[in-house]
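For reference, the chains in residue letters:
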Amino acid sequence: MANKIDYQTVLNPAQLEAVMTLDGPILVIAGAGSGKTRTLVYRVARLVETGVDPESILLLTFTRKASQEMLERAAGLSDSRCRFVSGGTFHSLANRVLRTHADLLGFSNSFTILDRPDMEEVIRSLIPELGIPKGIPRFPKRGTLANILSKAANLRKPIDEFMPEEYGQFLEFLPQIEILERLYGDYKKAHQMMDYDDLILYFRRLLTESEEVRKSLSQQYRYVMVDEYQDTNSIQADIVKWLAHEHRNIMVVGDDSQAIYSFRGASYRNMFDFPVQFPDAKLIKLEENYRSVQPILTLTNALMDHASEKYTKCLFTERKGGEKPRVVDTRTEPEQAMFVCRYIKEQVKKGQPITDFAVLFRAGYHSFELEAELTRQGVRYVKYGGFKFLESAHIKDFLAHLRVVVNRDEAVSWVRILRLIKNVGPGKSNAIIQWMKTHQIPPERVGEWPGARKRDRGLKVLTKLIAKLVRKNGKPEKAVEQVMEYYVPILKERFDDYPRRQKELEQLIPMASRYKKLRSFLDDLVLEPPTSSVDLDSGEKPETLTLSTVHSAKGLEWPVVFIIWVMEGRFPPARAYNDPLSLEEERRLMYVAATRAKDQLIMCYPGQESVPVWQLSEIGYRNGLSSFIGDLPEDVASRESAGIRKIFFGRQLYEKASFDNQLDQRESAGFSQGDRVRHPAFGPGVVSKFVSNDKVEVLFRNAGRKLLHLEYTTLEKI
């Protein structure tokens, strides 16, 4: 028996309007934390309560789990028949419809759906047909090729429009990839196959071309609702338009301020185009927030006031109290990590659960220093998005070369580094390790293995590297640079996304510079992590701190949220300055990060750190606090400097003071950041940053990045 719901009591006025308006097109702008899921659940219940057949209601979400949970909640609130509402994803709906009407597209209704591994296997089988000659740079791996073909399908764009920006390292293979795209399409059609992208594309084509199918679906689904509409792509928006073409009973729910998935093909424009497709659409804004205290909402409202295109909304809450968000200049990256770690430990000591805290960041590698500090201080954490620094394959490979120097019997690391060498497989690597152990062969003589053949010259190169590393008094920073020189060519051979991984490896250089001994560096950095998540699941799970990229944190919330690296060149990243649309998406990403906080928001940036010099040509000289935060009114956040009692009244003032202060400290050296210089051995370069009063980092054109001691080197301005 159905339960009677008192909608006016359980819903606020805006939610009530969305729930009680049943007919016609409706666009619901649901601000962060404003109860959009609650609104959808109650609307399903209301439709069934008024006599609408549950099977004629369609609820489209981005995961099947999300729709199932909503329908279960609706059934629990009102009528168990809510479970019979048609809920699911765009792909599941497309599959059902295409199975029925496949013949209209030239397919059998028994067509095969290719999952991602199947897609990659088909691509692998087609590569030989491209006739790529041997001896040229490595062709992209099948996983990368699948990403490229999928993105072209989702964006409805030619590959050459996005490849220079996102896959520039493979631009020379553009003609072959374009041929592969055609071969792949022909293969699928010939073998009666569709991949995930095809399901959506063919579904839209069916709706566009067949009036009979459109009418049939309109009669079947008289009421359509779509969640997270800001995350749909243009193809899905077309599908929505055609599904509601006959009856126009369509409600879409989303937040243009949380559109952050353009890299997946999502288009924030769909939110603004909906009223164009449906001119009589009713616009309803959910602005009452049930998550955050007002000071946090005041900051996020101000943040989006600067957006170039938006649905203006002003989030408010009935929650009382709350302190202003804090903006903290921690001066350096290590101090940023220590500040976050120290603050959390102090609050936990006072009784606050560690699960109340989350640290968010723009990119996975931004947390590496923090991860190391948390490990040193014994703070348990889990990381979402990106990957755990010390458990990444390329990080383990890299550090293995250093570990065999401090412990030559470290068999696990020997296996890792030997298997990176061409023509050395499991059998050979085990034989080499056994030979070294039996005969007490030191690491720097590994190349003398009796079983080596002429083609095993990789052993000789490895021997030269290890010989450099075992020299006495070698500094950890120098050792890391030497391994970098050796390992980067291997990295490029093994990983298609080597530019990102190389940036992550470069984070080890400044970390190593703070140690005098290699063993101490490795002991602090590498505390054997679990080999799999299963190791952490035995018994009761311990309470942990959450580290997460902002993308992975969407939809979640915590009482206390830190956002780190809130700094020009990092958040927003340097590449965004070249594209106004990218810069706007970065602003929305900052909004998503800030609106995860319920009670306290702390934004940190290491003000004395510099943008890498190679980015200066892209963005000009930008440094210090992120312009997204620095441009906000002064009264929306408190600003402070960790360890220094000083008030900063604006971004521009602070940047000037900080930069001038650095120059004052370096006047005796005679160099400034950005100076063009020449070294007798390394040639021309540019001063990228000062590490201390007597040390300077220079990026040389031919020799790469070097840390020089000004008292013991010759460096002249040019």
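Just so it is clear, the structure is predicted and the values come from calculations on it, not from any experiment.

Novice: Give me the sheet that holds strand 8 (residues 282–286): which residues, what numbers.
Specialist: Reading across the sheet, the six strands line up as 3-2-6-7-1-8 and stay open at both edges, with parallel pairing between neighbours. Each edge of the open sheet carries a strand with a single partner, namely strand 3 (86–88) and strand 8. Adjacent strand axes in the sheet meet at a mean angle of 15° when their direction is disregarded. Pairing geometry for strand 1 (residues 26–30) and strand 7 (residues 250–254), over four bridges, is parallel. For valine 28, the partnering residue across the bridge sits in strand 7 and is valine 253. With respect to the sheet, helix 5 (residues 90–101) is in contact with strand 2 (57–60), strand 3 and strand 6 (223–226), its orientation differing from that of strand 2 by roughly 130°.

Novice: Please provide a residue-by-residue account of a positive patch on the surface, values included.
Specialist: Taken together, the side chains of Lys464, Lys468, Arg471 and Lys478 present a region of like positive charge at the surface. Tracing the chain through its elements places lysine 468 in helix 20 (residues 457–469). Accessibility expressed as a relative area gives 37% for lysine 468, which makes it partly exposed.

Novice: Hey, could you go over the side chain of lysine 188 for me, with residue numbers and the actual values?
Specialist: Along the chain, lysine 188 turns up in helix 9 (residues 174–190). Looking at lysine 188, its side chain comes within polar contact range of the side chain of aspartate 198, at 2.7 Å. In contact with lysine 188, other than residues within four places in its own chain, are Phe107, Leu114, Met193, Asp195 and Asp198.

Novice: Describe the sheet that holds strand 15 (residues 638–641), naming the residues involved and giving the relevant values.
Specialist: Judged by pairing direction, the sheet is parallel, and its seven strands sit side by side in the order 11-12-10-13-14-9-15 without closing on themselves. Of all strands in the sheet, those bounded by a partner on one side alone are strand 11 (381–384) and strand 15. Averaged over all pairs of adjacent strands, the angle between strand axes in this sheet comes to 20°, irrespective of strand direction. As judged from the four bridges shared by strand 9 (residues 326–329) and strand 14 (residues 597–605), these two strands associate in the parallel manner. The residue of strand 14 that forms the bridge with valine 327 is methionine 603. Across the sheet, helix 27 (residues 580–594) lies against strand 10 (357–361), strand 13 (558–563) and strand 14, angled at about 140° from strand 13, the strand it touches most.

Rules used in this analysis
- Residues numbered from 1 in each chain as written.
- Predicted model: local features only at pLDDT ≥ 70, side-chain atom pairs only at ≥ 80, totals over all residues.
- Heavy atoms only, no water.
- Pairing = 2+ DSSP bridges.
- Helix = DSSP H or I, 4+ residues; strand = E, 2+ residues; numbered from the N terminus.
- Axes fitted to C-alpha atoms, helices over the stretch in contact; angles between N-to-C directions.
- Contact = heavy atoms within 4.5 Å.
- Patch = residues over 30% accessible without salt bridge, like charges linked within 9 Å, V, L, I, M, F, W, Y side chains within 5 Å.
- Areas by Shrake-Rupley, 256 points an atom, 1.4 Å probe, with all protein chains shown as cover.
- Salt bridge = Lys/Arg side-chain N within 4 Å of Asp/Glu carboxyl O.
- Lys, Arg positive; Asp, Glu negative; His and termini not counted.
- Charge placed at Lys NZ, Arg CZ, Asp CG, Glu CD.
- Buried < 20%, exposed > 50% of the residue type's maximum accessible area, 1.4 Å probe, protein only.
- Polar contact = N/O pair within 3.5 Å; in protein donor to acceptor, adjacent residues only side chain to side chain.

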